[in-house]
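Secondary and tertiary structure notes
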Amino acid sequence: MSYLKKGILAAMPRPRPKIARQIKEGRTATPAQASKVLAILEAAYPDARVTLDFKNPFQLLIATILAAQCTDERVNQVTKGLFSRYLTPKAFAEADPTEMEEAIRPTGFYRNKAKSIIGCCKMLIGEYGGLVPRTMEALIRLPGVWRKTANIVLGNAFGITEGIAVDTHVTRVANRLGLAQSDKQDEIEQQLCRVIPRDKWTLITHLLIFHGRTTCKAQRPDCPRCQIRHLCPWPHKTT
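Residues numbered from 1 in each chain as written. Predicted model: local features only at pLDDT ≥ 70, side-chain atom pairs only at ≥ 80, totals over all residues. Heavy atoms only, no water.

**Considering the overall build of the protein**
To keep it simple, the criterion reads: Secondary structure elements are defined from DSSP: runs of H or I of at least 4 residues count as helices, runs of E of at least 2 residues count as strands, and each element is numbered from the N terminus. Exposure is judged per residue with a 1.4 Å probe applied to protein chains only, and the accessible area is read against the type maximum: over 50% gives exposed, under 20% gives buried, and values in between give partly exposed. The contact criterion used is simple: two residues touch if any of their non-hydrogen atoms lie within 4.5 Å. Only the protein chains shown count as cover for residues, with accessible areas throughout obtained via the Shrake-Rupley method and a probe of 1.4 Å.
A count of helical and extended segments in the protein gives 12 helices and zero strands. When each of the 239 residues of the protein is scored for burial, the buried share is 50%. A fraction of 63% describes how many contacts in the protein between residues 6 or more apart in sequence connect residues 24 or more apart. For the protein, the exposed area adds up to about 12,600 Å²; of that, 52% sits on carbon and sulfur atoms.

Encoded structure:
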């Protein structure tokens, strides 16, 4: 793990109590059960998509790094000016760290994110000709890039399905729906990949995020109006 990634990890708040404890012990959903959930979510959220604004793979990469512990809405506000100020990976790589920190301050953890972004762009220039690589192995070598970030970039910028991006919404909703039983992102990704068809791997992230934002919220889930309540095994459904 690079020192840049360690820096961001150390600055992040500690995770909440384990989500997996909120559901009954047992097996995760079968592919057939997951298919029913997927069909309902697709019908409920036909416009589900990545909500970060970007015009090319590089912009999505930078936006996704900034999105750690920050809302997409806030990131979009910041990147609107950021991408006008720094037009290329070379411009990011040569940016003054202090100026970069100020430019991205509203996204939080701005010192560590600035180090990651500058370091990431230097590696892009030095090893990849300024282009965003198209493989998981290459992407996760970049400072500030984890599997989740790589999955988002690959799936949404290149249409490449290497895996499923797992954030806090996906973690919560997948566990409540019984699609996964873990608090660890890598385990949740593996469990989802076993029951979700590969051609839906990018989409399922967006569907679970949209459902988590609108209905299956962390503090006050709107279970009575949930479209998949009848399929949900979560024992703490609200009435």
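**Overview of the nonpolar core**
The criterion, for reference: Within this scheme, the nonpolar core is defined by two criteria: the residues are buried Ala, Val, Leu, Ile, Met, Phe, Trp, Tyr or Cys, and they are joined through side-chain atoms within 4.5 Å.
Leu61, Ile62, Phe92, Met100 and Ile104 are the most contacted members of the largest nonpolar core, which has 40 residues in total. For this core, the secondary structure elements donating two or more residues are α3 (57–66), α4 (72–85), α5 (89–93), α6 (97–104), α7 (110–128), α8 (136–139) and α9 (147–158). In terms of residue count, the dominant contributor to this core is α7 (eight residues). Ile62 has contacts with Leu82, Phe83, Phe92, Ile117 and Cys121, leaving out every residue within four places of it along the chain. In terms of nonpolar packing, the next biggest core, distinct from the first, is built from 32 residues, Val37, Leu41, Cys193 and Trp201 among them.

**Here's the deal with the packing of aromatic side chains**
Defined as follows: Only Phe, Tyr and Trp rings are paired, with Trp represented by its six-membered ring, and only when their centres lie within 6.5 Å; those with planes under 30 degrees apart are stacked, over 60 edge-to-face, the remainder tilted. The rule is short: NZ of Lys or CZ of Arg within 6 Å of the ring centre and within 35 degrees of the ring normal puts a charge over the ring.
Scanning the entire structure with this criterion turns up four aromatic pairs. Arranged with centres 5.4 Å apart and planes meeting at 70 degrees, the rings of Phe58 and Phe92 form a pair that is edge-to-face. Of this pair, Phe58 sits in helix α3 while Phe92 sits in helix α5; the two residues are 34 residues apart in sequence, bridging distant segments of the chain. Across the pair, exposure class does not vary: Phe58 and Phe92 are buried alike. Between the aromatic rings of Tyr86 and Phe92, the centroid separation amounts to 5.2 Å while the plane-to-plane angle is 40 degrees, which identifies the pairing as tilted. By relative accessible area, which is 7% here, Tyr86 ends up buried. Among the aromatic residues, those joined into a cluster by ring pairs are Phe58, Phe83, Tyr86 and Phe92. The ring of Trp234 carries the charged tip of Arg176 above its face, separated from the ring centre by 4.1 Å.

**Some thoughts on the state of the cysteines**
Put simply, the test is: Any cysteine sulfur atom paired with another within 2.5 Å is treated as part of a disulfide.
Under the criterion given, the structure shown has zero disulfides. No disulfide involves Cys120; its sulfur sits 5.1 Å from that of Cys121, the nearest cysteine.

**A closer look at α7**
What counts is decided by this rule: Helix span, as expected, comes to 1.5 Å for every residue beyond the first.
For α7, built from 19 residues, the straight-helix expectation of 27 Å at 1.5 Å per residue is met to within 8% by its first-to-last C-alpha distance of 25 Å. Among the residues making up α7, those that are buried are Tyr110, Asn112, Lys113, Ala114, Ser116, Ile117, Ile118, Gly119, Cys120, Cys121, Met123 and Leu124. A positive backbone phi angle near 65 degrees is found at Gly129, which sits one or two residues after α7.

**Remarks on α4**
Using the following cut-off: What is called the bend at a residue is the angle between a pair of axes, fitted to the seven residues leading up to and ending at it and to the seven starting from it.
With 14 residues, α4 extends 20 Å between its outermost C-alpha atoms, agreeing within 8% with the 20 Å of an ideal straight helix rising 1.5 Å per residue. The largest bend along α4 measures about 30 degrees and falls at Thr79. If you check which residues of α4 are buried, you get Asp72, Val75, Asn76, Val78, Thr79, Leu82 and Phe83.

**Overview of the packing of helix α2 (residues 31–44) against helix α12 (residues 201–214)**
Keep this limit in mind: Here the axes come from fitting lines to C-alpha atoms, over the contacting stretch only for helices, and the angles between their N-to-C directions go from 0 to 180 degrees. Here the angle decides the label: under 35 degrees means roughly parallel, over 145 means roughly antiparallel, 65 to 115 means roughly perpendicular, and every other value means oblique. For any pair of crossing helices, the crossing counts as left-handed if the nearer helix is rotated counterclockwise from the farther one by less than a right angle, and right-handed if it is rotated clockwise. As a working rule, the residues Ala, Val, Leu, Ile, Met, Phe, Trp, Tyr, Cys and Pro are called nonpolar, Asp, Glu, Lys and Arg charged, and the rest polar, with Gly in that last group.
Two numbers describe how α2 lies on α12: the axes approach to 10 Å, and their chain directions differ by 70 degrees. The angle between α2 and α12 places the two elements in the roughly perpendicular class. The two elements α2 and α12 cross, and the hand of that crossing is left-handed. Residues Leu38, Leu41 and Glu42 of α2 lie in contact with α12, whose contacting residues are Leu203, Ile204, Leu207, Leu208 and His211. Taken together, the residues that form the contact of α2 with α12 break down as six nonpolar, one polar and one charged.

**What to know about the pattern of salt bridges**
Definition in use: Each reported salt bridge corresponds to a side-chain nitrogen of Lys or Arg within 4 Å of a carboxyl oxygen of Asp or Glu.
Inspection of the entire model under this criterion finds eight salt bridges. In this structure, Glu42 engages Lys200 in a salt bridge whose closest nitrogen and oxygen atoms are separated by 3.2 Å. Pair noted here: Glu42 is in helix α2 and Lys200 is in the loop between α11 (185–195) and α12, with a separation of 158 residues, a long-range link. In this structure Glu42 comes out as partly exposed when scored by relative accessible area, which is 28%. Arg105 is the salt-bridge partner of Glu102, the closest N and O atoms lying 2.6 Å from each other. Take Glu102: its relative accessible area is 44%, and that puts it in the partly exposed class.

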